[in-house]
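Spelled out, the chains give:
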Amino acid sequence: MRRVTKARWGAAATSSLLVLALAACGGEGAGSGDGGEAGDGGEDVKIGVAMPTETSERWIADGDAVKSGLEELGYEVDLQFAGDDIPTQTQQIDSMITGGVDVLVIASIDGTALTSQLDAAAAANIPVISYDRLIRDSENVDFYVTFDNYAVGVAQATALLAGLGITDREGEPTGEAAGPYNVELFAGSPDDNNAGFFFQGAMDTLEPYIADGTITVPSGQTEFDQVATLRWSQEAAQKRMEDLLTSTYSGGTELHGVLSPFDGISRGIITALQGVGMGPTLEEGLPVVTGQDAEIASVKLIADGVQSSTIFKDTRKLADQAVVAAQAYVEGEEPEANDTETYDNGVKVVPSYLLEVDTVFAEDIAPLLVESGYYTQDEVDAGVTD
Ligand code: BGC
């Protein structure tokens, strides 16, 4: 195939002008499968797609969507999941590089653990697209596709405030708050760059309510390092919630809400709460628990009035952006960024394409998740995907 290399990007600018000129004459655009420079039908193009884990359904959906989008362009795809094990992921990426991939799409487990893989990719002129999670401490990350991670945290905290009745879902105070409300905080994995953004967005949103006493955190655990959850583990979250219930709430202090950054963590928290007899539903006094990813098991819990909310990140849209970016590299072009300021990976600001997210309460399941075809109503009812 026509091998795309970083060294060629300068030349590619010229050749893409040629492509444009040809397209203008022939009425055939990039990717039209016309046998021209850009539209070579993806012949012999191979893309490596490294996903962190199959234990969370969001990453399976991401992997499948990226794979099928790339295959539609005629590219060959090497899709690997690493079981949340860092050595497995580094090995998978090593073998994608030696296997001759033309572009790498990577959702990292530990964002700081891939420097030598990225050096090898750069040496082989393989563009690297960081998927959802920013790869840190390397010059050799070329592009980042993700959701607006700070906005996710803002949305999570706003959903907590709305669930408690302190604000409406837009974050406007209702004036009906009957606090103080006792809240506990959970954050994601400390080696995932996103976790800090989520927590920062959430804490900036909660801060005024903590400052004026509407919200208190009885455990006193408000620092990221105290509330982080390594590898986003559901079991670790359940254990920490159980410990908090014992240390802080066994004397009769009421718990009203829990900030949770991910649906798996939310389910661990809910199991711990129900385990001490709370709920079992919100109506029956279960604390308000937030989430993220609209995982089907949590969507069912929301429909059943158990989990309060989640944040929907449409993985189809993220996958599309990754495919568009990969195609740009294959065609010798630079992907289009819509943010060139926010994501400093410690070495450079990585040009990014950010997508928006939606908050899901029970009333939003039909319009946002079912009508858009993300899930069927049967899947929501069953709490599993087909
Ligand atoms: C993703 C979240 C996800 C979490 C756990 C983060 O990097 O952005 O959507 O909930 O990982 O898988």
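These numbers come from a predicted model, not from an experiment.

1. Brief notes about the overall build of the protein
- Counting secondary structure elements, the protein contains 13 helices and 12 strands.
- Residue burial in the protein is summarised as follows: out of 386 residues, 53% are buried.
- A fraction of 71% describes how many contacts in the protein between residues 6 or more apart in sequence connect residues 24 or more apart.
- With the model as given, the accessible surface of the protein reaches about 15500 Å², and the carbon-plus-sulfur share is 49%.

2. Thoughts on the layout of surface pockets
- In this structure, the largest pocket occupies an estimated 380 Å³ of space.
- If you go around the largest pocket, you meet 25 residues; those closest to its centre are Thr-55, Ser-56, Arg-231, Trp-232 and Phe-262.
- Elements supplying a minimum of two residues to the lining of the largest pocket: α2 (57-72), α6 (193-211), α8 (234-249) and α9 (263-275).
- Broken down by element, the residue count for the lining of the largest pocket peaks at three residues, all from α2.
- Its residues assigned to classes, the lining of the largest pocket comprises five nonpolar, eight polar and 12 charged.
- What the second largest pocket holds in volume is close to 300 Å³.
- Lining the second largest pocket are 15 residues, and of these Glu-57, Ala-61, Tyr-374, Tyr-375 and Thr-385 sit closest to its centre.
- For the lining of the second largest pocket, the elements supplying multiple residues, two or more each, are α2 and α11 (315-330).
- Ranked by residue count, the leading element in the lining of the second largest pocket is α2, at six residues.
- In terms of residue class, the lining of the second largest pocket is made up of six nonpolar, two polar and seven charged.
- Built from parts of two domains, the lining of the second largest pocket gets at least three residues from each of domain 1 (15-141 + 315-354) and domain 2 (149-313 + 361-371 + 373-382).

3. Things to note about the sheet that holds strand β8 (residues 257-259)
- Spatially, four strands are ordered β7-β6-β8-β9 in an open sheet, and the strand pairing comes out parallel. Looking at the sheet topology across the chains shown, the edges are occupied by β7 (215-216) and β9 (288-289).
- With two bridges joining them, β8 and β9 adopt parallel strand pairing. If you follow Gly-257 over to β9, its bridge partner there is Val-288.

4. Topic: the nonpolar core
- Residues Ile-47, Tyr-131 and Met-241 are the most contacted members of the largest nonpolar core, which totals 74 residues.
- When we break this core down by domain, the ones giving at least three residues each are domain 1 (15-141 + 315-354) and domain 2 (149-313 + 361-371 + 373-382).
- When residues no more than four places from it in sequence are discounted, the contact partners of Ile-47 are Leu-70, Tyr-75, Glu-76, Val-77, Asp-78, Val-101, Val-103, Val-105, Ala-326 and Val-330.
- Core analysis: the next-biggest nonpolar cluster, separate from the first, contains 19 residues, Ala-50, Leu-104, Ile-106 and Val-141 among them.

5. Describing the side chain of Gln-321
- Here Gln-321 is to be found in helix α11.
- Residue classification places Gln-321 among the buried residues on the basis of a relative accessible area of 17%.

6. Side note on the site of the ligand
- As a matter of local geometry, the ligand sits amid Arg-58, Trp-59, Asp-132, Arg-133, Asp-192, Asn-194, Phe-198, Trp-232, Phe-262, Gln-292, Asp-293 and Lys-313.
- At 2.7 Å, a side-chain N or O of Arg-133 approaches an oxygen atom of the ligand.
- Asp-192 has a polar side-chain atom sitting 2.5 Å from an oxygen atom of the ligand.
- Comparing atom positions with the cavity grids shows the ligand to sit within the largest pocket.
- Secondary structure elements with two or more residues in the shell around the ligand: α2 and α6.
- Considered class by class, the residues forming the shell around the ligand number four nonpolar, two polar and six charged.
- If you count residues domain by domain, the shell around the ligand takes at least three from each of domain 1 (15-141 + 315-354) and domain 2 (149-313 + 361-371 + 373-382).

7. A closer look at the packing of aromatic side chains
- Applying the stated criterion to the full structure yields seven aromatic pairs.
- Between Phe-197 and Tyr-343, the ring centres sit 4.9 Å apart and the planes meet at 40°, which makes this aromatic pair tilted. Of this pair, Phe-197 sits in helix α6 while Tyr-343 sits in the loop between α11 and β11 (352-355); the two residues are 146 residues apart in sequence, bridging distant segments of the chain.
- A residue is classified by how much of its surface remains accessible, and Tyr-343, at 0% relative accessible area, is buried.

8. Remarks on the packing of α9 against helix α10 (residues 296-303)
- Two numbers describe how α9 lies on α10: the axes approach to 9 Å, and their chain directions differ by 50°. By the criterion of interaxial angle, the relationship of α9 to α10 is oblique. Seen along the crossing, α9 lies across α10 with a hand that is left-handed. In contact with Asp-263, Arg-267 and Ile-270 of α9, α10 contributes Ala-297, Ser-298 and Leu-301.

About the criteria used
- Residues numbered from 1 in each chain as written.
- Predicted model: local features only at pLDDT ≥ 70, side-chain atom pairs only at ≥ 80, totals over all residues.
- Heavy atoms only, no water.
- Helix = DSSP H or I, 4+ residues; strand = E, 2+ residues; numbered from the N terminus.
- Buried < 20%, exposed > 50% of the residue type's maximum accessible area, 1.4 Å probe, protein only.
- Contact = heavy atoms within 4.5 Å.
- Areas by Shrake-Rupley, 256 points an atom, 1.4 Å probe, with all protein chains shown as cover.
- 1 Å grid on protein atoms, 1.4 Å probe; cavity = no way out; pocket = protein on both sides within 12 Å on 5 of 7 lines; lining within 4 Å.
- Points joined across faces, edges and corners; volume = space filled by probe spheres on them.
- Nonpolar A, V, L, I, M, F, W, Y, C, P; charged D, E, K, R; others polar.
- Domains from an automatic or database assignment.
- Pairing = 2+ DSSP bridges.
- Core = buried A, V, L, I, M, F, W, Y, C linked by side-chain atoms within 4.5 Å.
- Near = heavy atom within 4 Å.
- Polar contact = N/O pair within 3.5 Å; in protein donor to acceptor, adjacent residues only side chain to side chain.
- Sits in = over half its atoms within 2 Å of the grid points.
- Phe/Tyr/Trp six-rings, centres within 6.5 Å; stacked < 30°, edge-to-face > 60°.
- Axes fitted to C-alpha atoms, helices over the stretch in contact; angles between N-to-C directions.
- Parallel < 35°, antiparallel > 145°, perpendicular 65-115°, else oblique.
- Left-handed = near helix turned anticlockwise from the far one by under 90°.

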